[in-house]
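Take a look at the letters that make up each chain.
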Amino acid sequence: MRLIRLISSLSASVVLCLVVVIPCLAQGDVVTKPAPFYECRSTETPPKIDGLADDEVWKAAQLIDKFTLPWLKDKERPAKTTTKARLLWDREYLYFLAELEDHDLFADITEHDGKTWHNDVFELFFKPAVDKPSYYEFQVNAAGTTMDMFLPKRGIDDFEKAVRDGDFHFEAKVVRNGTLDKRDDRDTGWTVEGRLPWTDFQRTGGRPALNATWKFALCRYDYTRDMKPELSTMAPMRTNATPNYHFYEDYADLKFVGPGEKKDGQAGGLPNGPLPRLTTSRVVGSPEPPLPYRTEKRYPKLKLTFPVAIVHQPGSDRMWTITQDKPYSMTSIRRFVDSPDVSETEDLLLADSRIAYDIVFHPKFAENGFVYVGHSRAKPEVEKTEPKPESKPDSKKADDKPKGPKYAGISRFKMNPRPPYEFDPKSETTIIEWLSDGHNGAAITFGLDGMLYVTSGDGTSDSDTNVRGQDLSKLTAKVLRIDVDHPDEGRLYSVPQDNPFVGQPNVVPETWAYGLRNPWRMTTDRETGHIWVGNNGQDLWEQVYFVRKGDNYGWSVYEGGHPFYLTRELGPTPHVKPALEHHHSESRSLTGGIVYYGKQRPELRGCYIYGDHSTGKIWGARHDGQKVVWHQELTDTPVHITGFGTDSQGELLICDHAGKDEGGFFTLIPAPPDAPTPNFPKKLSESGLFQSVKGHVVQPALVPYSVNAPLWSDGTHKVRYFAIPGDDPKIEFKPTRAWGFPDETVLVKSFALELTEGDPKSQRWIETRFLTKQQNEWIGYSYQWNDDQTDATLVAKEGVDREFTIKTADGSRAQSWHYPSRTECMVCHSRAVGFVLGLSTPQMNKNHDYGGHVENQLEVLKRVGLLEKINSPDKYERLANPYDASEKLEARARAYLHSNCSICHVDAGGGNAQMQLEAVTARDQMKLFDEVPIHDKFGLPDARLIAPGHPERSVLLHRVALRGRGQMPQLATSRIDQPAVEMLTEWIRQMEAK
């Protein structure tokens, strides 16, 4: 210990001896014992600093228990009371645990950095550099008082300076088994648990490198009422010296390594060079029968950016398309020749203040040259109410961007229907428009009756905020039917007298059908006259409507065929269910289609073909005028489907809303009838990814990984791997969102459940999931483990449920477990978030235990050649661990929302609230704090999504703490994450209330 403290605690003769001995030691005159070697092993899971010593992770640490009195000349002996110490480390902290036998607990120093060595005390000394004199000292006494300091060099003169030098963040917790400072009883002992952040070691370089070796000593003062303190240590020290813990020449060696024992389900090691080549994987293709069609690109030389729609100009070989410079931005209308080798487009209407959605040509286009465009745009602040039925042509320039009210509507343009097909952009005339700030509709089609049918949405960005769905007095949320060939005086259309609500009070007479949320694409069957509308749903369902006169589709009392806001008033006509409906597990943003009458696919003639923007799936349906008589999935594509059309020969085109110069058009081709069907593994043992399924031993080519902020999975234990094929596998690195992977990559995640609550030894594997990329599209599969733990069987595509009985301290409880369907997997692993979730930089920027080797994952993946051109991990963001109380509360809460919620609550992610919950989103852009819920308020008083300072008014917290209708997350959990609820509650409570 410090010389100054020894002066106050030892006899004068001892002090004189100490003063003399220092120069002798410096000359090496005293014989030393060989330094023992110890390991500080890494941990993936940090222990909880509570002094209870009950964390499972401590079992992997090396036991340090040979505490002796080495300075007793010629008679070194063990300490009279036992000390059992352990050390662990991770990227952020050095952890320590000491269990100390003590029959007379004594500690009266309560001031930080006081003379704690005058009490029962546990001490830690660390010397990072052998060739430098600086080192560290930390103490905790039996009262929990701490002392910490950095010593630039050893000696009395530096003691006071060392105490004041620097700011430490030393944390420790003491639990006593006995009575403190009661000298006439017999105690059992005390336990101390603590951690030291590596930032406290910055004076000597901070966190050690993997396999680095430091010098260290763990020491102890044990006072009794009738005796001087016993000073013991596990380091050899000097056998012929007086007690002094500062002789670091004789400290023990401490090597910073991985854990000392391999865990079930972990990889066996980490190569320093390239990974072994993945040659054994049989996760190829699909277990399902092949779908009947594939997609093939048309016009491969045509370079387009975010095309929205495709339509054929009648009587010509010209095609029209709407494009965007970026998603949801202003649009341009372009034209090109329908030729396989076409590479150029002609600009017709460059980006101005409008967003165009649809184009239709008048039935008598060859005579009048009329073209109609459905669009939305902002207009100057000139009108404060519903627009007048007539308006003048809009002649604003492209750089004139009005910031007034937003309108949706239909404009007519004039062009020459004969070669050279001149288009006049100045000929625009507004036919009809309505106030609309989101969910604009503006799809258009001419019926066989010659009437123009127009869709309008509910006019808001979410949840029918203005309650327009059942409001017949406005033009919103409807299919409108107007006559543009026989306009009334003073406007450019008339209302057909056979419209269903003509003459009824408080009903706009243009109404043909109503109760739509966000209609996207409408078409007329050119032979039957049937009209179809695709409609984007909200929480759970996407719809297709077979439009009939006077129909009420129910929004927002209903979402498709399901209750939504039953407290709202339904319109005057009954609710009509959709003709076709898809759960969000297979469709997230439905794109209405067309009825096909081409020649290349005669088996599809008369079939309504439609798809989904988010999942890329395409379906076909037939309707006999009364009901759907056939419905089938046709193909599953990588296409971002925004529309369907036909070319100049009437053949199908599918619009792909892809990025810069990657967008374009596809068509359907039959899947090869003789294509070999891969023998997709029906069992884990057939996958080629495991050396042994029993014991969960994976192939060496699989790379284990872990994440900073895990998704809540009902308290199960999880292990994760990825497997990349090819001779030179690479990962496409991205600094924030999901990384990119090549075809035939397989991500593996296994879940284990404790069958006895709180007993890790009772863990049994219950499920393994694969997420695999096949033909540039991701899909998920689930395997259910057998009770013998020898194999797992592929779950049917519909998914399955099972119930487990969990033993508890009070008896037992039932725990349900849902094995997801194929489509449910892709609800969370959606296109909007890049499909893969944990494999992103903020999640992967952490240390991982590679079965005996601990290192930052980014550094490892770069070293083995999977990641290239990346910087030091310190240059990138890192998510906090939501369950680590030592991290900042704000960071923990944001990390929890990121991993559990932002997979839906992100642009185009399928979450229908407006909030944005990615951790990278600026706080003031989250649309979360003090925001009024646009869905159910769950009966909370003065409800807000998050009411700062008021957990009891916060709907987000209520839904996290709920299981059943309205729970969040919606999928993959049946148990409440109570630690997260408590953490979020505290986060909201400490916010400053507005």
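This part covers the overall build of the protein. Looking only at helices and strands, the protein features 10 helices and 51 strands. Taking all 994 residues of the protein together, the buried fraction comes to 57%. Counting contacts in the protein only where the partners sit at least 6 residues apart, residues at least 24 apart contribute 62% of the total. Total accessible area computed for the protein in this model is approximately 42000 Å², and 50% of it derives from carbon and sulfur atoms.

Moving on: the pairing of strand β5 (residues 93–101). The buried fraction of β5 amounts to 7 of the 9 residues, a majority that puts the element mostly inside the structure. Direction of pairing for strand β4 (residues 83–89) relative to β5: antiparallel, over a ladder of 7 bridges. Along β5, the bridge assignment pairs Leu-88 with Tyr-95. Sheet analysis places β5 next to strand β10 (residues 189–197), joined by 9 bridges and oriented antiparallel.

With that settled, the discussion passes to helix α8 (residues 889–900). The terminal C-alpha atoms of α8 lie 16 Å apart, and with 12 residues this matches the ideal 16 Å at 1.5 Å per residue to within 8%. Within α8, 9 of the 12 residues are buried, leaving the element largely enclosed by the surrounding structure. Residues Arg-892, Ala-893, Arg-894, Ala-895, Tyr-896, Leu-897, His-898, Ser-899 and Asn-900 constitute the buried set of α8. Contacts from the buried residues of α8 go to α6 (841–844), α9 (955–960) and α10 (978–989).

With that settled, consider the nonpolar core. Counting residues in hydrophobic clusters, the biggest one holds 57 residues, and the most contacted among them are Phe-122, Phe-126 and Phe-216. Ranked by residue count, the leading element in this core is strand β11 (residues 213–222), at 6 residues. Among residues more than four places away in sequence, those in contact with Phe-216 are Tyr-38, Ile-64, Leu-87, Phe-125, Phe-126, Met-234, Ala-235, Tyr-251, Ala-252, Asp-253 and Leu-254. In this structure, Phe-733, Trp-739, Leu-867 and Ile-870 belong to the second largest nonpolar core, which totals 26 residues.

One open sheet holds the 4 strands; their spatial order is β27-β28-β29-β32, and the pairing between them is antiparallel. A strand with exactly one partner marks an edge of an open sheet, and here the two such strands are β27 (519–524) and β32 (580–583). Strand-to-strand twist in this sheet, taken as the mean axis angle between neighbours without regard to direction, amounts to 10°.

Now for α10. Taking 1.5 Å per residue as the helical rise, α10 with its 12 residues ought to reach 16 Å, and the 16 Å between its terminal C-alpha atoms agrees with that figure. Regarding α10, the residues found buried are Ala-980, Val-981, Met-983, Leu-984, Thr-985, Trp-987 and Ile-988. In this fold, the buried residues of α10 make contact with α8 and α9.

To continue, consider the packing of α8 against α10. A pair of packed helices is captured by two measures, namely the crossing angle of their axes and the spacing between those axes. Relative to each other, α8 and α10 sit at 125°, their axes nearing to 10 Å. Overall, the two elements α8 and α10 adopt an arrangement that is oblique. Both α8 and α10 take part in a crossing whose hand is left-handed. Where α8 abuts α10, its residues Leu-889, Glu-890, Arg-892, Ala-893, Tyr-896 and Leu-897 lie against Ala-980, Met-983, Leu-984, Glu-986 and Trp-987.

Our focus in this paragraph is the pattern of salt bridges. Under the counting rule described, the total for this entry stands at 48 salt bridges. Residue Arg-354 pairs with Glu-428 through a salt bridge whose shortest N-O separation is 2.6 Å. In this pair, Arg-354 sits in strand β19 (residues 354–361) while Glu-428 sits in strand β22 (residues 423–435), placing the two residues 74 residues apart along the sequence. According to the relative accessible area criterion, Arg-354 is buried, its value standing at 3%. A salt bridge links Arg-944 to Asp-942, with the shortest nitrogen-to-oxygen separation between them at 3.1 Å. Exposure remark for Arg-944: the relative accessible area of 17% places this residue in the buried category.

The antiparallel open sheet is built from 4 strands, whose spatial order is β19-β20-β21-β22. With partners counted over all chains shown, the strands left at the sheet margins are β19 and β22, one partner each. Strand-to-strand, the axes of this sheet are offset by a mean angle of 25°, without reference to chain direction. Judged from the 8 bridges that link them, strand β21 (residues 406–415) and β22 form a sheet pairing that is antiparallel. Paired with Gly-409 across the strands is Glu-433, a residue of β22.

Next up on the list: the packing of aromatic side chains. In the structure shown here, the tally under the stated rule is 56 aromatic pairs. Between Trp-198 and Phe-256, the aromatic rings sit 5.8 Å apart at their centres with planes inclined by 75°, giving edge-to-face as the arrangement. One end of the pair, Trp-198, is in the loop between β10 and β11; the other, Phe-256, is in strand β13 (residues 252–257), with 58 residues separating them in the sequence. In this structure Phe-256 comes out as buried when scored by relative accessible area, which is 0%.

Attention shifts here to the environment of Lys-937. Within the element layout of this structure, Lys-937 appears in the loop between α8 and α9. The partly exposed category is assigned to Lys-937, whose relative accessible area is 40%. Among all residues touching Lys-937, those that are not within four sequence positions of it are Val-932, Ala-943 and Val-955.

At the junction of Trp-555 and Ser-556, the peptide bond is cis and its omega measures out at 5° in the coordinates. In this structure, Ser-556 sits in the loop between β29 (541–547) and β30 (558–559). Along the chain, Met-968 connects to Pro-969 via a cis peptide bond; the corresponding omega equals -5°. Note that Pro-969 resides in the loop between α9 and α10. In the Ramachandran plot, Glu-744 falls in the positive-phi region, its phi being about 70° despite a non-glycine side chain. Take Glu-744: it is sitting in the loop between β43 (717–723) and β44 (746–754).

Once that is clear, we can look at the confidence of the model for the protein. Scored by pLDDT, the protein comes out at a mean of 87, with 89% of its residues at no less than 70. Throughout residues 1–34 the model reports pLDDT below 50, and contacts reaching past four residues in sequence, or to other chains, amount to 60 contacts. Predicted confidence for residues 382–402 stays below pLDDT 50, and this span has 33 contacts to residues more than four positions away or in other chains.

Another point: the environment of Pro-46. By secondary structure assignment, the location of Pro-46 is in the loop between β1 (37–42) and β2 (68–69). For Pro-46, a relative accessible area of 24% corresponds to the partly exposed category. In this structure the C-alpha to C-alpha distance between Pro-46 and Leu-88, which are 42 residues apart in sequence, comes to 8.8 Å. Beyond its immediate stretch of four places on either side in the chain, Pro-46 contacts Asp-90 and Tyr-95.

Turning to the side chain of His-848, a few remarks are in order. Secondary-structure assignment places His-848 in strand β50 (residues 847–849). Of the residues examined, His-848 reaches a relative accessible area of 3% and is grouped as buried. A polar contact is formed between the side chain of His-848 and the side chain of Ser-706, at a distance of 2.8 Å.

This part covers the pairing of β43. Each regular strand displays side chains that alternate between the two surfaces of the sheet. Burial analysis of β43 places 6 of its 7 residues in the buried class, the great majority of the element. Bridging between strand β42 (residues 703–705) and β43 involves 3 bridges; their strand directions are antiparallel. From the neighbouring strand, Pro-704 faces β43, where its bridge partner is Tyr-721. Here β43 runs beside β44; their pairing, made up of 7 bridges, is antiparallel.

Before going further, it helps to spend a moment on the side chain of His-582. Along the chain, the position of His-582 falls in strand β32. Dropping the residues within four chain positions of it, His-582 is found in contact with Leu-540, Trp-541, Glu-542, Ser-587, Leu-590, Tyr-610, Trp-619 and His-631.

What follows is about the environment of Arg-989. Tracing the chain through its elements places Arg-989 in helix α10. Take Arg-989: its relative accessible area is 47%, and that puts it in the partly exposed class. Sequence spacing of Arg-989 and Pro-951 is 38 residues, and the spatial spacing of their C-alpha atoms is 6.0 Å. With sequence-adjacent residues up to four places away left out, Arg-989 is seen in contact with Gly-949 and Pro-951.

Thresholds applied
- Residues numbered from 1 in each chain as written.
- Predicted model: local features only at pLDDT ≥ 70, side-chain atom pairs only at ≥ 80, totals over all residues.
- Heavy atoms only, no water.
- Helix = DSSP H or I, 4+ residues; strand = E, 2+ residues; numbered from the N terminus.
- Buried < 20%, exposed > 50% of the residue type's maximum accessible area, 1.4 Å probe, protein only.
- Contact = heavy atoms within 4.5 Å.
- Areas by Shrake-Rupley, 256 points an atom, 1.4 Å probe, with all protein chains shown as cover.
- Pairing = 2+ DSSP bridges.
- Expected span 1.5 Å × (residues − 1).
- Core = buried A, V, L, I, M, F, W, Y, C linked by side-chain atoms within 4.5 Å.
- Axes fitted to C-alpha atoms, helices over the stretch in contact; angles between N-to-C directions.
- Parallel < 35°, antiparallel > 145°, perpendicular 65-115°, else oblique.
- Left-handed = near helix turned anticlockwise from the far one by under 90°.
- Salt bridge = Lys/Arg side-chain N within 4 Å of Asp/Glu carboxyl O.
- Phe/Tyr/Trp six-rings, centres within 6.5 Å; stacked < 30°, edge-to-face > 60°.
- pLDDT = per-residue confidence, 0-100.
- Polar contact = N/O pair within 3.5 Å; in protein donor to acceptor, adjacent residues only side chain to side chain.

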